[in-house]
Amino acid sequence: MSTDFQTAREELGRRLRALRTECPHGSLTGTALSASLGWAQSKVSKLENGRQTPTAEDLRAWADATGHPGAFDELHGRLKGFESHIRSWRRQLSSGHRPVQETWNEVTEAARVLHVWDSFAVNGLLQTPDYARHVFERYATLQKSPRDTEDAVRARMDRQRWLYQPGRRLNLLMWESALRAQVCPPEVLAGQMDRLLGIVGMDTVRLGIVPVHAALRLPPANAFWVVGEQLVITEDWHAELWLDGADTVALYRRVWETLRASAVFDAEAQHVIVRARRAIAP
């Protein structure tokens, strides 16, 4: 099944093919174009058939090589249009984790209310520096990205100032399994649980835990953020998805409310955290 992203990429590929075949000096073959650019011929084929996402540099080179330098702005506009929704980790992490964290800081700072579901790890707004450090290291290894761990940790900790600003509200639901996921040494995880215990009852945070034994109306599925009422951010292994359609935002809010029905709060939430804390190996 084709997605909006894939459809847009295929349309861009057709536009690239048209530029190649309508070259002012005569139609270029794919082989001739790839040779002039120093690319593998397979790259030209993949770009034209929507099987590979071009970079801005690819588009600039294509426009120049096909004799259509003025087409770059149009091509780049198409690219930005669909990449604004699908943000690949390969591209985002090309300079390390800190720039990604700084983008998140900007998004968070602009919001008054957040509705968040976390199913696999403790939310970044509540992480301790040691916990965050291990999470960044794990992802840097997976994505083979530059290691700027300490800068990334500082940026994430800077975001937590949001929690102490009047008028802000973090409505956070967490799957109990996220409390137990040992993505860090036991002593670091224990410190993270202590941090969460101190969060319960905080004025700007409403923390709910969905126990593993709770009856669920939906499977836990992926984590996501609903930022205000305008934007949803979720992620998969290959990319982060930024979704701003009104129907989509409303859907994620319904998901959040459905999961909330299975959550416990206040003293009951503390009890679940304490239970997870006690299960940590010494």
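The preceding data block contains the structure.
Everything quoted here is computed from the prediction, not taken from an experiment.

The rules behind the values
Residues numbered from 1 in each chain as written. Predicted model: local features only at pLDDT ≥ 70, side-chain atom pairs only at ≥ 80, totals over all residues. Heavy atoms only, no water. Core = buried A, V, L, I, M, F, W, Y, C linked by side-chain atoms within 4.5 Å. Buried < 20%, exposed > 50% of the residue type's maximum accessible area, 1.4 Å probe, protein only. Helix = DSSP H or I, 4+ residues; strand = E, 2+ residues; numbered from the N terminus. Arc of directions from axis to C-beta. Contact = heavy atoms within 4.5 Å. Polar contact = N/O pair within 3.5 Å; in protein donor to acceptor, adjacent residues only side chain to side chain.

**What to know about the nonpolar core**
- One finds Leu-114, Leu-170, Leu-179, Met-193 and Ile-209 to be the most contacted residues of the largest nonpolar core, which totals 44 residues.
- Of the residues forming this core, the biggest block, six residues, is contributed by helix α11 (residues 186-199).
- Formed by 17 residues, the second largest nonpolar core is a distinct cluster that contains Cys-23, Trp-39, Leu-75 and Phe-82.

**Observations concerning helix α4 (residues 56-65)**
- For α4, the set of buried residues is Asp-58, Leu-59, Trp-62 and Ala-63. Looking straight down α4, one finds that the buried residues subtend no more than 130° of arc, so they occupy a single side.
- Looking one or two residues beyond α4, the residue adopting positive phi is Gly-67, at roughly 80°.

**Things to note about the side chain of Asn-123**
- In this fold, Asn-123 is placed in the loop between β2 (113-118) and α8 (129-143).
- Ignoring anything within four residues of it in the chain, the contact list for Asn-123 reads Val-116, Asp-118, Leu-172 and Trp-225.

**Side note on the side chain of Ser-145**
- The topology assignment puts Ser-145 in the loop between α8 and α9 (149-159).
- Leaving out residues up to four positions away in the same chain, Ser-145 has contacts with Leu-93, His-97, Tyr-139 and Ala-140.

**Section: the environment of Glu-176**
- One can find Glu-176 in helix α10 (residues 176-180).
- The class for Glu-176 is buried, based on a relative accessible area of 1%.
- Once the C-alpha coordinates of Glu-176 and Trp-256 are considered, the two residues, 80 residues apart in sequence, prove to be 16 Å apart.
- Filtering out sequence-adjacent residues up to four positions away, Glu-176 remains in contact with Ile-209, Val-210, Pro-211, Val-212, Val-272 and Arg-275.
- At 2.9 Å, the side chain of Glu-176 forms a polar contact with the backbone nitrogen of Val-212.

These figures come from the coordinates and say nothing about function on their own.
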